Amino acid sequence: MNKAYGTDESSKKSINKRMLNKLIEVLPQNLKGARDKAILLLGYEGLFNRRELVSINFEDINFDQHHNLIVHFEKTRSNQRNYKEGTLTLNPNEKNCPVSAVREWVVKSEIRSGALFRSINKHGHLSDKRLSDKGVALIVKEYVKLAGFSDDLYSSSSLRNRVKTHKKS
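What about the environment of Ala137?
Relative to the helices and strands, Ala137 resides in helix H5 (residues 133-146). On the basis of relative accessible area, Ala137 is assigned to the buried category, the value being 14%. Sequence spacing of Ala137 and Ser157 is 20 residues, and the spatial spacing of their C-alpha atoms is 8.2 Å.

Next up, the structure:
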């Protein structure tokens, strides 16, 4: 049970690649859509939980010469708080590549320091304020519903649940 929000995220269904692609299809073609695409794809491919996603700063990411995205992030699943490094590789044949999505977000947002994922107001203006972890949960629910799925069955943990369902016993 998630005490902060009163939801049992362990009972939520997993989002698979086909469903993720449907979520991406309903994104708006604006700044918010670019941010949300980067969040959804990075969360899914990088297996980040929502707190890890919002803790990433611009200074924590690097694009190398081999089309990799290197992300330094703070693990939040344990009492030990230390930085780990993850690498995602650009797949030029993949329609929804997380590396391309993050690169597009950085270019469109013009963020050069501080929080990578930030709030966007109803007028489409980017804030200096870091997006909250609850904001990530709302983003997932918004696009799940827009894509025609039941938002009661999915949460931000649905981006990561596929690991639990594919583990060998």
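Considering the environment of Glu59
Inspection of the secondary structure puts Glu59 in the loop between helix H3 (50-55) and strand S1 (61-63). C-alpha of Glu59 to C-alpha of Ala115: the two residues are 56 residues apart in sequence and 8.6 Å apart in space. Here the side chain of Glu59 touches Gly114 through a polar contact of 3.1 Å, landing on its backbone nitrogen.

Considering the pairing of strand S5 (residues 126-130)
In terms of strand pairing, strand S4 (residues 118-120) meets S5 through 2 bridges, oriented antiparallel. Looking at the pairing, Arg118 lines up with Arg130 of S5. Count of turn residues in the S4/S5 antiparallel hairpin: 5 residues, of which Gly124 carries a positive phi of about 85°.

A word on unusual backbone geometry
If you check the backbone angles, Leu47 has positive phi at about 55° while not being a glycine. Relative to the helices and strands, Leu47 resides in the loop between helix H2 (31-46) and H3. One non-glycine residue with positive phi stands out, namely His67, at about 65°. Inspection of the secondary structure puts His67 in the loop between S1 and strand S2 (68-74).

Quick notes on the confidence of the model for the protein chain
Taken residue by residue, the protein chain gives an average pLDDT of 84. The fraction at 70 or more is 80%. Segment residues 1-7 is flagged for pLDDT under 50; beyond a separation of four residues in sequence, or across chains, it makes 10 contacts in the model. Within the model, the stretch residues 164-169 combines pLDDT values under 50 with 1 contact to residues more than four positions away or in other chains.

Some words on the pattern of salt bridges
The tally for this structure, following the rule as stated, stands at 8 salt bridges. The closest approach of N and O atoms between Glu45 and Lys17, which form a salt bridge, is 2.7 Å. On the criterion of sequence distance, the pair formed by Glu45 in helix H2 and Lys17 in helix H1 (residues 17-25) is long-range, its members being 28 residues apart. Judged by relative accessible area, Glu45 falls into the partly exposed class, the value being 28%. Judged by relative accessible area, Lys17 falls into the partly exposed class, the value being 28%. Of the charged contacts in the structure, one is a salt bridge between Asp36 and Lys32, with a shortest N-O distance of 2.7 Å. Taken together, the residues span about one helical turn, with Asp36 and Lys32 both in helix H2 at a distance of 4 residues. Using a relative accessible area of 0% as the deciding quantity, one classes Asp36 as buried. Classification of Lys32 by relative accessible area gives partly exposed; the value is 25%.

Calculation criteria
Residues numbered from 1 in each chain as written. Predicted model: local features only at pLDDT ≥ 70, side-chain atom pairs only at ≥ 80, totals over all residues. Heavy atoms only, no water. Helix = DSSP H or I, 4+ residues; strand = E, 2+ residues; numbered from the N terminus. Buried < 20%, exposed > 50% of the residue type's maximum accessible area, 1.4 Å probe, protein only. Polar contact = N/O pair within 3.5 Å; in protein donor to acceptor, adjacent residues only side chain to side chain. Pairing = 2+ DSSP bridges. pLDDT = per-residue confidence, 0-100. Contact = heavy atoms within 4.5 Å. Salt bridge = Lys/Arg side-chain N within 4 Å of Asp/Glu carboxyl O.

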